[in-house]
Amino acid sequence: DVDEYKVYHVQSLMKAGMYSDASEVCTTIENADLTERVNLLQAAIAYEQDEVMLARSSLETCSPDAEERQVFEGALLWKEKKYVEAMKLFGDAMNTIGYQADLSYNVALCFYSQKQYGPALKHIAEIIERGVRDHPELSVGALSEGVGGLQARSVGNTTVLKETALVEAFNLKAAIEYVMKNMEGAKDALDDMPPRDESELDAVTLHNQALIEMDDKPTEGFRKLNFLLGQHPSPPETFVNLLLLYCKYSYYDLAADILAENAELTYKNMNPQDFEFLDALILAQSSPEEAYRRFDSLTAKHIEALRRGTKHIQDARKNRDQNAVRKHLEEFDAALSNYIPVLMGQAKIYWDLEHYSMVEKIFRQSAEFCSEDESWKLNVAHIFFMQEKYKECIRYYEPFVRRHTENLLGVTAIILANLCVAYVMTSANEEAEELMKLVEQEEEKVEDPSKPVYHLCIINLVIGTLYCTKGNFEFGISRIIKSLEPYERKIGVDTWYYAKRCFLALGETLGKNMILLKDEAFDEIIDFLDAAATVGKSISTTISPLESPENTPKRTVATEARLLKRFFLKMRD
């Protein structure tokens, strides 16, 4: 019954996402001295539920001179996407009460929301610099400096940590690096954060960790995102990102389940076009015809928006209005980035059916707007490659690879592999060898042994697979085995998946007595499978988005290598 305790109760309920209960408790607080505080709490409850008008009306009952009111008004303006006005209020608040890390973070967030990453990073750098200087006990960078895999001691979720806004600053830095496609920078930003145990991490940090580690630890990433989705509140991006990642890894049934179980989040956190896109993508698995029709309908909407954008740009250029040209170009780029996934989803329906000429036709129809887009050009190259139109695919792959000669390891390995194969198939063996030498030199420069690079391995895997498909198994399998050396660094989920397919194809051909294999080739295969069984004891052969029951046996590379060895021993005998 003590009003002061009721205020703490309201704050606890808000942290737990129980906003209606928190609002109810607010109405029972009668102490006049706490009126201002209660009004701010009611405004915060409305703010968290995206009820901006209600939050503003609660805020208007507060004293106009209250410092919190000025900051809160800035937050409301940010929520309404009025970033310049919000930034001005945060700046005024800092001028009044002096430098505060959380206010500097708010300014950085406004810059980020306007895609002005340079000024945002400048404010973030200042927050981090002050935090490191004033609070060395927070061990900033301890995780990234850890030697020998030692776990840095947790600093906990202290008041000091909150006041420094270091967690928020590092998360925003990671987000900027992620948007700029600098995954190493994003990972470093999260590693430099003051160390905390996983159970102590806030929702935003956990979400960012899951996203950034997804390529290296997909099972772990799915575990974190599923955990967050079960928490209320969770970052609004969790729902959409989990759906997109399920679709990326072809777990369409799980994506459909998530959509069905979280209907309220669909309306709250997704715009209608994103929902239509994901719905069509999931539907393509059970009803490709209906999905294609829906993609067609979405395409028509996007094309209309792109044509409108083109006209706006032309009109602005005629009027010589540079600001309008810049604005309409940004809008056109945003519209194009929304259209490209729809185009890819539509083309994927025919790609999965291996109807590549139809995929080519779909891409040709979109050339009017997409012909300068990098991802469009690369996908056109992939289509030509699958149709064995090697000269045409070289025309698209080559300029892209040349532009990235300084950072070949930043290029997706399959692009380099396909280009090498195309060179080989057009008798341009010298160019293929030159490219492979360049990749090898880049890999030798990588000093960190904990970060294996697979580019040369994948190029050789693809070339080996090509020889296997042409029936030259002895050379193909030998190439694949050499591509995986040293085995302890190169054998992983993906590389094993593609290598074992060639071994199985060879096994099938041997089983049908279509070829004879020399004893030396059998010995080489069995020696390789023995080595794979040794190094692959803890390497899973699948990526699972769900936690497996403890008693479920784990399928590892070692298990599959022993099964393959048994088969080849039978074949030899």
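One can find the structure itself at the top, above this paragraph.
Described below are features of the structure shown in this document. All values reported here derive from a predicted model rather than from experimental measurement. Here the residue numbers are simple positions, counted from 1 along each chain's written sequence. Side-chain atom pairs in this predicted model are given and counted only at pLDDT of 80 or more, local residue features only at pLDDT of at least 70, and totals for whole chains, interfaces and linings cover all residues. Side-chain measures were taken over the full set of non-hydrogen atoms in the model, leaving aside hydrogen atoms and water.

## Notes on the overall build of the protein
Per the secondary structure count, the protein includes 32 helices and 0 strands. Projected onto the principal axes, the alpha-carbon positions of the protein cover approximately 95 × 60 × 45 Å. Residues counted as buried form 45% of the 573 residues belonging to the protein. Any two residues having at least one pair of non-hydrogen atoms within 4.5 Å are treated as being in contact. Considering only residue pairs separated by 6 or more positions, the protein has 58% of its internal contacts joining residues 24 or more positions apart. Summed over all atoms, the accessible surface of the protein reaches about 31,700 Å², with 51% contributed by carbon and sulfur. Secondary structure elements follow DSSP: runs of H or I of four or more residues count as helices, runs of E of two or more count as strands, with numbering from the N terminus. Summary of the burial criterion: residues with accessible area below 20% of their type's maximum are buried, those above 50% are exposed, and those between are partly exposed, where the area comes from a 1.4 Å probe applied to protein chains only. All accessible-area figures derive from a Shrake-Rupley calculation using a 1.4 Å probe, and residue coverage is judged against the displayed protein chains alone.

## Focus on the packing of helix H12 (residues 183-191) against helix H13 (residues 203-212)
Where H12 contacts H13, the axes come no closer than 10 Å and their chain directions differ by 145 degrees. Considering the relative orientation of H12 and H13, their crossing is left-handed. In this structure, H12 uses Met183, Ala186, Lys187 and Leu190 to contact H13, whose residues at the interface are Asn208, Gln209 and Ile212. Grouping the constituent residues of the contact of H12 with H13 by class yields 4 nonpolar, 2 polar and 1 charged. Between N-to-C directions, angles cover 0 to 180 degrees, with each direction set by a line fitted to C-alpha atoms, over the stretch in contact for helices. Helix crossings are classified by the rotation of the near helix relative to the far one: an anticlockwise turn of less than a right angle makes the crossing left-handed, while a clockwise turn makes it right-handed. Three categories are distinguished: nonpolar for Ala, Val, Leu, Ile, Met, Phe, Trp, Tyr, Cys and Pro, charged for Asp, Glu, Lys and Arg, and polar for the others, with Gly belonging to the last.

## What to know about the environment of leucine 190
By the element assignment, leucine 190 lies in helix H12. Under the relative-accessibility criterion, leucine 190 is labelled buried at 9%. C-alpha of leucine 190 to C-alpha of alanine 169: the two residues are 21 residues apart in sequence and 10.0 Å apart in space. Not counting residues up to four positions away in its chain, the partners in contact with leucine 190 are Asn171, Ala174, Asn208, Gln209 and Ile212.

## Thoughts on the packing of helix H20 (residues 322-352) against helix H21 (residues 356-365)
Interaxial distance between H20 and H21 falls to 8 Å at its minimum, and their mutual angle equals 160 degrees. The pairing of H20 with H21 is recorded here as roughly antiparallel in orientation. As H20 packs across H21, the resulting crossing turns out to be right-handed. Contact residues: H20 offers Leu343, Met344, Gln346, Ala347, Tyr350 and Trp351, while H21 offers Tyr356, Met358, Val359, Ile362 and Phe363. An angle below 35 degrees is read as roughly parallel, one above 145 as roughly antiparallel, one from 65 to 115 as roughly perpendicular, and any other as oblique.

## Re helix H6 (residues 83-97)
Counting along an α-helix, one turn takes 3.6 residues, and residues three or four places apart therefore face a common direction. A helix's residues, less one, multiplied by 1.5 Å, set its expected span. In this model, H6 (15 residues) spans 21 Å end to end at C-alpha, consistent with the 21 Å of a helix rising 1.5 Å per residue. For H6, every residue scored as buried is listed here: Tyr83, Ala86, Met87, Leu89, Phe90, Gly91, Ala93 and Met94. Residues of H6 that are buried make contact with helix H5 (67-79) and helix H7 (101-113). Following H6 by one or two positions, glycine 98 has its phi on the positive side, about 90 degrees.

## Side note on the side chain of lysine 500
Mapped onto the fold, lysine 500 is located in helix H30 (residues 493-511). Apart from residues no more than four positions distant in its own chain, lysine 500 is found in contact with Thr541, Glu560 and Leu564.

## Some thoughts on the pattern of salt bridges
The salt bridge definition used is simple: a Lys or Arg side-chain nitrogen within 4 Å of an Asp or Glu carboxyl oxygen. One pass over the full model with this rule turns up 37 salt bridges. Residue arginine 133 is joined to aspartate 134 by a salt bridge in which the shortest nitrogen-to-oxygen separation is 3.5 Å. Note that arginine 223 and glutamate 198 form a salt bridge whose closest N and O atoms lie 3.0 Å from each other. Placement of arginine 223 in helix H14 (residues 218-229) and of glutamate 198 in the loop between H12 and H13 is noted, with a sequence separation of 25 residues between them. Overall, the relative accessible area of 27% leaves arginine 223 in the partly exposed class. Several salt bridges share partner residues, and in doing so they unite Asp279, Glu290, Arg293 and Arg294 into one network.

## A closer look at the packing of aromatic side chains
Geometry of aromatic contacts follows a simple scheme: Phe, Tyr and Trp rings, the Trp one being its six-membered ring, pair when their centres are within 6.5 Å, and the pair is stacked under 30 degrees between planes, edge-to-face over 60, tilted otherwise. Summed over the entire model, instances satisfying the criterion amount to 18 aromatic pairs. Summarising the aromatic geometry, the rings of tyrosine 292 and tyrosine 350 are spaced 5.5 Å apart at their centres and angled 80 degrees between planes, so their arrangement reads as edge-to-face. Separated by 58 residues along the polypeptide, tyrosine 292 in helix H19 (residues 288-318) and tyrosine 350 in helix H20 bring together distant segments of the chain. Ring geometry for tyrosine 467 versus phenylalanine 475: centroids 4.6 Å apart, planes at 70 degrees, classification edge-to-face. When its relative accessible area of 27% is taken as the criterion, tyrosine 467 is described as partly exposed. Taking relative accessible area as the criterion, phenylalanine 475 reaches 38% and is therefore assigned partly exposed. Through a chain of ring-to-ring contacts, three or more aromatic side chains come together here, namely Tyr487, Trp496, Phe503, Phe528, Phe567 and Phe568. For a lysine, the NZ atom is tested; for an arginine, the CZ atom; a charge sits over a ring if that atom is within 6 Å of the ring centre and within 35 degrees of the ring normal. The ring of tyrosine 47 has lysine 79 lying over it, and the distance from NZ or CZ to the ring centre is 4.3 Å. Looking at arginine 130, its charged tip hangs above the ring of tyrosine 99, at a distance of 3.7 Å from the centre.

## Quick notes on the side chain of histidine 455
With respect to the helices and strands, histidine 455 occurs in helix H27 (residues 455-469). A relative accessible area of 12% means that histidine 455 is categorised as buried. Sequence-distant contacts of histidine 455, defined by excluding residues within four places in its chain, comprise Leu408, Leu409, Val411, Thr412, Ala413, Leu416, Val439 and Glu443.

## With respect to a negative patch on the surface
Surface patches are defined over residues having more than 30% relative accessible area and no salt bridge, joining like charges when they lie within 9 Å and nonpolar side chains (Val, Leu, Ile, Met, Phe, Trp, Tyr) when within 5 Å. Charge counting follows a simple rule: Lys and Arg are positive, Asp and Glu are negative, and His as well as the terminal groups are ignored. To locate a charge, take NZ of a lysine, CZ of an arginine, CG of an aspartate or CD of a glutamate. Taken together, the side chains of Glu430, Glu431, Glu433 and Glu434 make up a negatively charged region of the molecular surface. Mapped onto the secondary structure, glutamate 433 falls in helix H26 (residues 429-445).

## Structural notes on the environment of methionine 214
With respect to the helices and strands, the residue methionine 214 is situated in the loop between H13 and H14. Residues methionine 214 and glutamate 73 lie 141 residues apart in sequence; the distance between their C-alpha atoms is 37 Å. Residue contacts for methionine 214: discarding those within four places in its chain leaves Gly221, Phe222, Leu225, Leu245 and Tyr249.

## Observations concerning H5
With 13 residues, H5 should reach 18 Å at 1.5 Å per residue; the first-to-last C-alpha distance of 19 Å fits that figure. The set of residues buried in H5 consists of Arg69, Phe72, Gly74, Ala75, Leu76 and Leu77. In the core, the buried residues of H5 are packed alongside helix H3 (35-48), helix H4 (52-59) and H6. Backbone geometry just after H5 places lysine 81 at a positive phi near 65 degrees.

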